[in-house]
Amino acid sequence: GAGVSQSPSNKVTEKGKDVELRCDPISGHTALYWYRQRLGQGLEFLIYFQGNSAPDKSGLPSDRFSAERTGESVSTLTIQRTQQEDSAVYLCASSIAAQGAYEQYFGPGTRLTVT
Amino acid sequence: AQSVTQPDIHITVSEGASLELRCNYSYGATPYLFWYVQSPGQGLQLLLKYFSGDTLVQGIKGFEAEFKRSQSSFNLRKPSVHWSDAAEYFCAVGATHPDMRFGAGTRLTVKP
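Residues numbered from 1 in each chain as written. Chains lettered and ligands numbered in written order. Predicted model: local features only at pLDDT ≥ 70, side-chain atom pairs only at ≥ 80, totals over all residues. Heavy atoms only, no water.

Novice: Sorry if this is basic, but what is going on with the overall build of chain A here?
Specialist: In terms of helices and strands, chain A carries zero helices and 10 strands. Starting at the N terminus, the α and β elements of chain A follow one another as β-β-β-β-β-β-β-β-β-β. In terms of overall dimensions, chain A is globule-like: its C-alpha atoms have a radius of gyration of 13 Å, near the 13 Å expected for 115 residues. Seen through its principal axes, chain A has C-alpha atoms that stretch 35 × 25 × 25 Å. Per-residue burial for chain A yields a buried fraction of 52% across its 115 residues. At a minimum sequence separation of 6, the contacts of chain A that also span at least 24 residues come to 56%. Accessible surface for chain A amounts to roughly 5300 Å². Of this, 44% is attributable to carbon and sulfur atoms. Seen as two clouds, the 11 positive and the 12 negative side-chain charges of chain A have centres 5 Å apart. (Helix = DSSP H or I, 4+ residues; strand = E, 2+ residues; numbered from the N terminus. Rg over C-alpha atoms; globule rule 2.2 N^0.38 Å. Buried < 20%, exposed > 50% of the residue type's maximum accessible area, 1.4 Å probe, protein only. Contact = heavy atoms within 4.5 Å. Areas by Shrake-Rupley, 256 points an atom, 1.4 Å probe, with all protein chains shown as cover. Lys, Arg positive; Asp, Glu negative; His and termini not counted. Charge placed at Lys NZ, Arg CZ, Asp CG, Glu CD.)

Written out as structure tokens, the structure reads:
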């Protein structure tokens, strides 16, 4: 069975451009999470989906960040007007349900570099 | 709100030596506790988890962790480290809220 996949694996973009990061969760997982990992730091929670609903968007760093999910499938994290401080690895994870007891399965991440 | 502290940013051990990585958490009730490992360029892989019951938890790759409520700790141990264990290790705490909190990580270097 396939794990969580993310694309692209690497993205270099110029400051001010918009980027879209994609996550394909494990089939059957209703919950999907996005995290940001800056160089040498831990994981910063951004947003989670239960189904296609995002009950809590307070972790998104600014209104330049948005995310959507189609049903219980693919999710897209969009960063508009990218800034250099957006450079990081963006990790996606999925779990059976959106509850802290359930293990999260992580994708390999998208390394975003803003020049 | 729950939080996690990993006091050691970087640890170096010799191959074959024992290992203990520290993790302290802050949470009002019994949390769900996890240890993940991240190899360079990879996503995070779950090593082990604690929900309830036996406070000594066995995981993959020969790792174990012990939950100590009185110390709010969940330290990761391995009796004999292999060179392939060199990686970044993250402790995480979860609760009923899906917002799993991760520590800043401990980077493990293994000397030959």
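Next comes the rest of the description.
Novice: I'm lost on unusual backbone geometry in this one. Help?
Specialist: Trans is the prevailing form of peptide bonds, just as negative phi is the prevailing case for residues other than glycine. Note the cis peptide between Ser-7 of chain A and Pro-8 of chain A, where omega equals -10°. Residue position: Pro-8 of chain A is located in the loop between β1 (5-7) and β2 (10-13). Located in the positive-phi region is Arg-81 of chain A, a residue other than glycine, with phi close to 45°. Within the secondary structure, Arg-81 of chain A sits in the loop between β7 (75-79) and β8 (88-95). Among the residues examined, Arg-81 of chain A registers a relative accessible area of 42% and is labelled partly exposed. A positive phi angle, close to 50°, is found at Ser-72 of chain B, a residue other than glycine. With respect to the element layout, Ser-72 of chain B can be found in the loop between β8 (64-68) and β9 (73-78).

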